[in-house]
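Structural description and commentary
If you want the building blocks of each chain, they are given just below.
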Amino acid sequence: MTPSLAPLGLAGRDILSVRQFDRANLEPIFALTEQMREIVRRDGGSDLLARRVLAALFFEPSTRTSASFIAAMERLGGSVIPITQGVQFSSVSKGESLPDTIVTLEQYADAIVLRHPVIGSAQEAAAAAAIPIINAGDGAGEHPTQALLDLFTIRDELGRLDGLHVAMVGDLRFGRTVHSLTQLLAEYRVKLSFVSPEILRLPLDLMNDVRAKGLEVQETYSVADVIGDVDVLYVTRVQKERFTDLAQYEELKGYYVIDEAIMAAARRDMIVLHPLPRVGEIDPRVDKDPRAAYFRQVQNGMFLRMALLAGVMGKA
Ligand code: NCD
């Protein structure tokens, strides 16, 4: 990369939690992400990670996260061993332990990206592996690379992070993207509003962390309470797979629907984000609204993951 860029400090390191990041070390990641975007727009990619191999091990469904890691790797000239939806056809289904699967993949790859239903599984994998482990979601725990791309998108769309009012809407209890993004945003001087039904409120320990940082925080059940003031509306899906009582899921899933009427009450310069997939929380008629930034957010995920892969593989 160009010598003017500050080193990322990620070479050989795992990416397990957003707790690894702060304002100072996020800036060079965002700068490199912008540069990756330029490289893709200009040349389609580069050879930075030629002959490097990423293993992508997904124990939970994924479209964007797995595809964007694959696209990121391939646009940098590398390749991917995808063990994705077909995990049921792999040795995992024979009862192989996670550490054994990880140590095996380590023999082939330079880094492993892991999505797993159990909180803490990325840490468990990292303890077994000498190569970098990237957490692509550990149950209801964290999803650090999503939060990084969310934060990049906010900064890119609105030109700043300090001073913003961000509202998170939906399943704040089980939504790992919310858990990670909340902690990252707490690095900045933001106002946070948490909009959810009682049963899907943000976990108390996270709420306490945010309050301890001195941020202005508000909780409400109603989008109407915040819509006229927010810079960012971060909408999430109710996490069906975390419910033991599916009747309860059915009751909660349609709780919030962002539609044109709600958007009419929002500021002209705000944005709507969603980690996707959406299952009814945003009316597709909102898509043509220029404030709907969720598909731009998807593309930023690839640029951001290009930067992270270059970082952990020691090329940035
Ligand atoms: C999210 C996830 O898997 O946590 N999706 C994603 O990675 N973009 C959000 C979700 O599944 O609701």
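Summarised in this report is the structure supplied together with it. Note that this is a predicted model, so its numbers are computed, not measured.

**Notes on the packing of aromatic side chains**
Taken as a whole and assessed by the stated rule, the structure comprises 5 aromatic pairs. With centroids separated by 5.4 Å and ring planes inclined at 65°, the aromatic side chains of Tyr294 and Phe295 adopt a geometry described as edge-to-face. When its relative accessible area of 47% is taken as the criterion, Phe295 is described as partly exposed. Among the aromatic residues, ring-to-ring pairing joins Phe174, Phe243 and Tyr249 into one connected group.

**Overview of the sheet that holds strand β4 (residues 133-138)**
By way of backbone hydrogen bonds, the strands of a sheet pair with one another, either parallel or antiparallel. The parallel open sheet is built from 4 strands, whose spatial order is β2-β1-β3-β4. One side of each edge strand has no neighbouring strand; the edge strands of this open sheet are β2 (79-83) and β4. With direction set aside, neighbouring strand axes in the sheet form an average angle of 15°. Where strand β1 (residues 53-58) and strand β3 (residues 111-116) come together, 5 bridges link them in parallel fashion.

**A closer look at the sheet that holds strand β5 (residues 165-169)**
Within the open sheet, the 5 strands sit side by side as β7-β6-β5-β8-β9. Their pairing is parallel. Two strands in the sheet have a free side with no partner beyond their single neighbour: β7 (216-220) and β9 (271-273). If you compare each strand with its neighbour and ignore which way they point, the axes differ by 15° on average. Of the strand pairs in this sheet, β5 and strand β8 (residues 232-235) are connected by 4 bridges, and their pairing is parallel. Following the sheet pairing, Val169 is matched in β8 by Val235. Relative to the sheet, helix α5 (residues 144-158) contacts β8 and β9, its axis offset from that of β9 by approximately 165°.

**Describing the site of the ligand**
Around the ligand, a shell composed of Thr65, Arg115, His143, Gln146, Arg176, Thr177, Arg237, Gln239, Pro275, Leu276 and Pro277 is seen. Here an oxygen atom of the ligand and a side-chain polar atom of Arg176 are 2.7 Å apart. Coverage of the ligand by the protein chains reaches 94% of its 310 Å² of free accessible surface. Most atoms of the ligand, that is more than half of them, are within 2 Å of grid points of the largest pocket. Split into classes, the residues belonging to the shell around the ligand amount to 3 nonpolar, 5 polar and 3 charged.

**Description of helix α3 (residues 98-106)**
Within α3, the full set of buried residues consists of Leu98, Thr101, Ile102, Leu105 and Glu106. Down the axis of α3, the smallest arc covering the buried residues is 135°, so these residues share one side. Where α3 begins, the side chain of Ser97 points an oxygen toward the backbone nitrogen of Asp100, at a separation of 3.2 Å.

**Things to note about the packing of α5 against helix α10 (residues 294-312)**
With their axes 9 Å apart at the nearest point, α5 and α10 run at an angle of 115° to one another. When the axes of α5 and α10 are compared, the crossing they make is right-handed. Seen from α5, the contacting residues are Thr145, Gln146, Leu148, Leu149, Asp150, Phe152, Thr153, Asp156 and Glu157; seen from α10, they are Arg296, Gln297, Asn300, Gly301, Leu304, Arg305 and Leu308. Grouping the amino acids of the contact of α5 with α10 by side-chain chemistry returns 5 nonpolar, 6 polar and 5 charged.

**Examining the side chain of Thr236**
Mapped onto the secondary structure, Thr236 falls in the loop between β8 and α8 (246-252). Taking relative accessible area as the criterion, Thr236 reaches 4% and is therefore assigned buried. A polar side-chain atom of Thr236 sits 2.9 Å from the main-chain carbonyl oxygen of Val169. A polar contact of 3.0 Å, which involves the side chain of Thr236, links it to the backbone nitrogen of Asp171.

**Considering the pairing of β7**
Across 5 bridges, strand β6 (residues 191-195) lies against β7 in parallel orientation. Residue Val195 lies in a different strand from β7, and its bridge partner there is Thr220. With respect to chirality, the unit in which β6 leads through helix α7 (residues 204-212) into the neighbouring parallel β7 is right-handed.

**Let's talk about the layout of surface pockets**
A volume near 420 Å³ is recorded for the largest pocket. Lining the largest pocket are 20 residues, and of these Arg115, Arg176, Arg237, Leu276 and Pro277 sit closest to its centre. The set of elements that each furnish at least two residues to the lining of the largest pocket consists of α2 (64-75) and α6 (176-185). Sort the elements by how many residues they give to the lining of the largest pocket and α6 lands first, with 3 residues. When its residues are assigned to classes, the lining of the largest pocket shows 5 nonpolar, 9 polar and 6 charged.

The rules behind each value
Residues numbered from 1 in each chain as written. Predicted model: local features only at pLDDT ≥ 70, side-chain atom pairs only at ≥ 80, totals over all residues. Heavy atoms only, no water. Phe/Tyr/Trp six-rings, centres within 6.5 Å; stacked < 30°, edge-to-face > 60°. Buried < 20%, exposed > 50% of the residue type's maximum accessible area, 1.4 Å probe, protein only. Pairing = 2+ DSSP bridges. Helix = DSSP H or I, 4+ residues; strand = E, 2+ residues; numbered from the N terminus. Axes fitted to C-alpha atoms, helices over the stretch in contact; angles between N-to-C directions. Contact = heavy atoms within 4.5 Å. Near = heavy atom within 4 Å. Polar contact = N/O pair within 3.5 Å; in protein donor to acceptor, adjacent residues only side chain to side chain. Areas by Shrake-Rupley, 256 points an atom, 1.4 Å probe, with all protein chains shown as cover. 1 Å grid on protein atoms, 1.4 Å probe; cavity = no way out; pocket = protein on both sides within 12 Å on 5 of 7 lines; lining within 4 Å. Sits in = over half its atoms within 2 Å of the grid points. Nonpolar A, V, L, I, M, F, W, Y, C, P; charged D, E, K, R; others polar. Arc of directions from axis to C-beta. Left-handed = near helix turned anticlockwise from the far one by under 90°. Right-handed = clockwise from strand over helix to strand, strands pointing away. Points joined across faces, edges and corners; volume = space filled by probe spheres on them.

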